[in-house]
Amino acid sequence: MALPPSPQEPSRRQTIKRLTFLALRVGLALALAVFIWQIKLDYLESYFYDLRVRLRPAPETSGHVVLVMIDPMTVEKLKGAPTLSYHADFLKKIKSAKVNSLLYDLKVPDLKGDLKEAKQFADEAQNFPQFFVLTDALEMRGEEGKLKLNPPFEKIQLFSGPKSSDRANFAKDGVTRRLLISYQNQIMAHPYLASQFNPDIIHREKIRGHFEFFDTEQTYINFRPTGSYPAYSFVDVIEGQVPLEKLKDKIVIVGRDLALSEDEYILTPYSRDVVAMTTAEMHANMIDTLILNNSPKKSKEIWNLIFTIVISLITVHVVFSMRPTRGLLVIAATGGVYALVAFFAFWPMGIWISMAHPVIAIFLCYYFFIPYRLIIENRRSWEYYQRNQLLKQVEELKTNFISMMSHDLKTPIARIQGMTDVILKGSTALSSEQREAVDSIRQSNDDLLKFINSILNYAKIESQGVQLHLQSKDVNVILKEVVRKHEFLARVKKIKVTCELEPLFPIAMDPELIRQVLSNLVENAIKYSSDETEIKISSSEKDGFIFLKVKDQGPGISSDDLPNIFMKFFRSQNAKSSPIKGSGLGLYLAQYFTELHKGKIEVESTVGVGSTFTVALPLATNMVTSPS
Ligand code: ADP
């Protein structure tokens with residue numbers, strides 16, 4: 001028997017408990033978020049940064065920068081690295097090209113050649129407008145002008161334009177990501193050269209992504225993949241195979257690509273291969289970033305904190321209030337959406353939103369709180385188990401009590417039945433009033449007996465005590481018995497009961513249980529139908545089943561009640577408010593007993609027209625029969 005649901009109104013104490021728990025969660029999520037936020041995660045952050053650089057479409061170049069490379073072909077054709085006299089030739093050759101500026105990304109003192117060649121080169125270089133030799137060296141305040149090459153190159157202009165790589169600071173992974181705008185307020189080569197094409201950046205604070213670090217001003221390089229800049233072989237230029245108009249008005253950078261030393265190359269966000277990109281191409285990227293003034297701009301730290309807190313709160317909420325699979329999906333979706341936002345902020349807007357802290361927040365919050373959730377779940381399921389055990393015991397107690405009571409009631413009922421029989425059949429003449437009274441006692445006693453029998457059957461089912469006593473029987477015989485038993489009841493209400501029974505083979509069944517099923521249906525049909533209606537009872541055989549139908553012209557069953565009528569103790573509102581008696585167990589038992597025979601019971605009903613109950617019993621059952 002089901003226990004009545006206990007009303008679970010949230011009490012004040014429960015609300016306070018829930019609020020405390022919520023506050024505790026929020027507090028823990030906040031604490032964890034702040035803890036994660038202050039951890040330095042530059043390495044991971046840079047990794048996510050590189051990923052975004054690689055995934056976005058490669059940015060356009062400005063078209064103002066051109067490379068001239070001393071490459072293996074140059075060495076092969078010139079039978080060695082170009083000497084100073086070749087370089088002097090080169091300068092002479094491209095002087096007429098009217099380049100915007102010429103940058104030497106070479107160590108001039110290391111270039112081979114005798115003194116005469118050196119002087120020749122120095123002369124050409126001095127007279128070349130906008131000729132600079134790039135150097136990684138920096139002049140400190142007070143040292144201005146001291147950065148010089150040794151004679152005979154002392155008049156050549158050295159310009160600081162250092163290569164940068166994240167070795168000691170930032171990601172510490174050796175990748176070049178930044179460029180120097182100024183050092184101790186002295187402008188570096190890149191912004192100076194870029195300002196020829198973009199005068200705006202003379203005001204350094206206008207450079208996008210500009211930030212200060214120690215005594216420097218820096219920004220991030222908007223990298224293009226290796227090979228994005230037009231590059232000509234040094235030998236091709238001196239042999240006149242490169243049309244000089246290609247160099248006109250360009251910033252020409254002369255560099256080396258001989259794979260002789262790591263110094264010639266840098267690691268880039270695109271690749272961490274040792275020869276990922278030549279330093280000459282790196283300078284091209286640096287200058288171009290400034291010409292186009294499109295450095296990636298890092299979002300403010302406060303945003304990083306806010307995102308980390310939001311992600312932590314979501315993760316903690318998910319861990320505590322969702323089922324594991326759904327929770328994982330929501331967390332994955334949150335991570336995915338955040339990654340997409342970060343990506344689309346980076347491209348096309350060029351805004352660098354931190355990803356490392358929020359990602360770590362997801363993992364830490366998840367792994368930190370999952371064990372806690374498991375403990376809670378465990379405790380809860382233990383409580384459920386205990387409560388379940390208790391409920392089971394109570395249920396058993398109730399069933400036992402009901403069956404005991406019902407059983408004990410049967411004896412006095414039988415006695416009343418016997419006594420009324422004695423009175424009715426006795427020799428003493430009864431007045432009509434007395435006979436009516438005894439009849440009424442008899443009728444009520446019958447009702448009580450039926451009720452008690454139903455309860456006893458129910459108690460049996462609940463304690464799993466119903467067993468089939470199978471016999472081979474013709475179901476028509478049982479049907480006829482049932483009809484005969486209810487003839488009197490039908491006659492009282494002037495209800496016509498007709499039977500259309502097809503001849504059937506005997507099947508294996510428990511006759512007592514099937515009798516109860518059919519009795520319940522026929523009794524209901526008579527009970528709920530109005531006077532002078534008709535009930536049709538039929539039996540037939542089809543597709544391996546015997547179909548037993550009880551069709552009445554009663555009130556019918558509303559579509560709201562229809563799904564519930566086989567539930568234990570269910571009585572429709574109409575039935576409850578009518579004088580028709582019932583326990584609400586008849587159809588429940590009918591269905592239970594039918595299904596015990598591997599059969600089915602179904603109902604079709606139209607309000608105001610009538611109901612048809614159909615019992616289908618399988619012809620061949622795999623149930624063992626006992627001899628009748
Ligand atoms: P009861 O003891 O109330 O008859 P049942 O389990 O036999 O319990 O039936 C459950 C409910 O189904 C009844 O209360 C009644 O509302 C409805 N019902 C059953 N049979 C019929 C019928 N032939 N016609 C109309 N309503 C019916």
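Residues numbered from 1 in each chain as written. Predicted model: local features only at pLDDT ≥ 70, side-chain atom pairs only at ≥ 80, totals over all residues. Heavy atoms only, no water.

Among the structural elements, Gln-126 can be located in helix α5 (residues 115-127). Here the alpha-carbon distance between Gln-126 and Ile-291, two residues 165 residues apart in the chain, equals 26 Å. (Helix = DSSP H or I, 4+ residues; strand = E, 2+ residues; numbered from the N terminus.)

Moving on: the pattern of salt bridges. In this structure the tally under the stated criterion is 19 salt bridges. Here Glu-45 ties to Arg-52 by a salt bridge, and the two come within 3.3 Å at their closest N and O atoms. With respect to burial, Glu-45 and Arg-52 carry one shared label: buried. With a closest N to O distance of 2.8 Å, Arg-272 and Asp-50 form a salt bridge. On the criterion of sequence distance, the pair formed by Arg-272 in the loop between β11 (265-266) and β12 (277-278) and Asp-50 in helix α2 (residues 42-55) is long-range, its members being 222 residues apart. According to the relative accessible area criterion, Arg-272 is partly exposed, its value standing at 33%. On the basis of relative accessibility, which here comes to 0%, the residue Asp-50 falls in the buried class. A single salt-bridge network, built from bridges that share partners, covers Asp-50, Asp-166, Asp-173, Arg-177, Arg-178 and Arg-272. (Salt bridge = Lys/Arg side-chain N within 4 Å of Asp/Glu carboxyl O. Buried < 20%, exposed > 50% of the residue type's maximum accessible area, 1.4 Å probe, protein only.)

Across the sheet, which stays open at both edges, the six strands sit in the order β4-β3-β2-β10-β1-β9 with parallel pairing between neighbours. Only two strands of the sheet have a single neighbouring strand rather than two, namely β4 (158-160) and β9 (231-233). The mean angle between the axes of side-by-side strands here comes to 30°, regardless of whether they run parallel or antiparallel. The pairing of strand β2 (residues 101-104) with strand β10 (residues 251-256) spans four bridges and is parallel. Residue pairing in the sheet places Leu-103 in a bridge with Ile-253 of β10. Across the sheet, helix α4 (residues 84-95) lies against β1 (65-70), β2, β3 (131-135) and β10, angled at about 165° from β2, the strand it touches most. (Pairing = 2+ DSSP bridges. Axes fitted to C-alpha atoms, helices over the stretch in contact; angles between N-to-C directions. Contact = heavy atoms within 4.5 Å.)

Two numbers describe a pair of packed helices, the interaxial angle and the distance between the axes. Remark: helix α10 (residues 324-346) packs on helix α11 (residues 356-425), axes separated minimally by 10 Å, with the N-to-C direction vectors making an angle of 170°. Between α10 and α11, the angle is such that the two are roughly antiparallel. Residues Leu-328, Ile-331, Gly-335 and Tyr-338 of α10 pack against Pro-358, Ile-362 and Tyr-366 of α11. Looking at the contact of α10 with α11, its residues break down into six nonpolar, one polar and no charged. (Parallel < 35°, antiparallel > 145°, perpendicular 65-115°, else oblique. Nonpolar A, V, L, I, M, F, W, Y, C, P; charged D, E, K, R; others polar.)

Before going further, it helps to examine a positive patch on the surface. A cluster of basic residues, Lys-496, Lys-536, Lys-549 and Lys-551, forms a positive patch at the surface. Mapped onto the secondary structure, Lys-536 falls in strand β18 (residues 534-542). When its relative accessible area of 43% is taken as the criterion, Lys-536 is described as partly exposed. (Patch = residues over 30% accessible without salt bridge, like charges linked within 9 Å, V, L, I, M, F, W, Y side chains within 5 Å. Areas by Shrake-Rupley, 256 points an atom, 1.4 Å probe, with all protein chains shown as cover. Lys, Arg positive; Asp, Glu negative; His and termini not counted. Charge placed at Lys NZ, Arg CZ, Asp CG, Glu CD.)

Turning our attention to the pairing of β2. Judged by which residues are buried, β2 turns out to be covered on both faces: Ser-101 and Leu-103 on one side and Leu-102 and Tyr-104 on the other are all buried. In terms of strand pairing, β2 meets β3 through three bridges, oriented parallel. Following the sheet pairing, Leu-102 is matched in β3 by Phe-131. Assessed by its sense of winding, the connection that carries the chain from β2 through α5 to β3 is right-handed. (Right-handed = clockwise from strand over helix to strand, strands pointing away.)

Attention now goes to the sheet that holds strand β6 (residues 186-187). Strand order in this open sheet of four strands is β6-β5-β8-β7, and the pairing throughout is antiparallel. Two strands bound the open sheet, and with one partner strand each, they are β6 and β7 (211-213). As paired elements, β7 and strand β8 (residues 216-220) share three bridges and run antiparallel to each other. The residue bridging Glu-212 from the neighbouring strand is Glu-217, located in β8. Relative to strand β5 (residues 178-183), helix α8 (residues 279-292) is tilted by about 70°, and along the sheet it contacts β5 and β8.

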